[in-house]
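The residues making up each chain are set out below.
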Amino acid sequence: MTKIIELKDRRQFRILLNPVRQDILHLLRRAARPMTASAVAERMLLSPSAAQAHLQRLVELALWSRWR
């Protein structure tokens, strides 16, 4: 299922096109299951705080839910 989002300003565009966030979105899509920020950090070789910061930006665009 394809999700369509409407980007309203340049800041949202930059959030979405960040290469690390694009990789995270691909990871979440391939996993096809909820993942915690710690699990994303481990798979992406990021610190947990960096993963959380990137995921928080995706939450702002409604592209990731806070699954725990």
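In the block above lies the structure referred to throughout.
Heads up: these notes are all about the structure in this document. Nothing here was measured: the structure is a model prediction, and the numbers come from that model.

### Points about the overall build of the chain
In step 1: When its secondary structure is counted, the chain shows four helices and zero strands.
In step 2: Listing each helix as α and each strand as β along the chain from the N terminus yields α-α-α-α.
In step 3: Relative to all contacts within the chain whose residues are 6 or more apart in sequence, the contacts with residues 24 or more apart total 48%.
In step 4: When the accessible surface of the chain is summed, it comes to about 5000 Å², and 54% of that surface belongs to carbon and sulfur atoms.

### A short note on the pattern of salt bridges
In step 1: Using the criterion set out here, one finds two salt bridges in the structure.
In step 2: Ionic pairing is found between Arg11 and Glu60, a salt bridge with its closest N-O pair at 3.3 Å. Of the two residues, Arg11 sits in helix H1 (residues 10-17) while Glu60 sits in helix H4 (residues 48-60), which places them 49 residues apart along the sequence.
In step 3: When its relative accessible area of 39% is taken as the criterion, Glu60 is described as partly exposed.

Parameters and conventions
Residues numbered from 1 in each chain as written. Predicted model: local features only at pLDDT ≥ 70, side-chain atom pairs only at ≥ 80, totals over all residues. Heavy atoms only, no water. Helix = DSSP H or I, 4+ residues; strand = E, 2+ residues; numbered from the N terminus. Contact = heavy atoms within 4.5 Å. Areas by Shrake-Rupley, 256 points an atom, 1.4 Å probe, with all protein chains shown as cover. Salt bridge = Lys/Arg side-chain N within 4 Å of Asp/Glu carboxyl O. Buried < 20%, exposed > 50% of the residue type's maximum accessible area, 1.4 Å probe, protein only.

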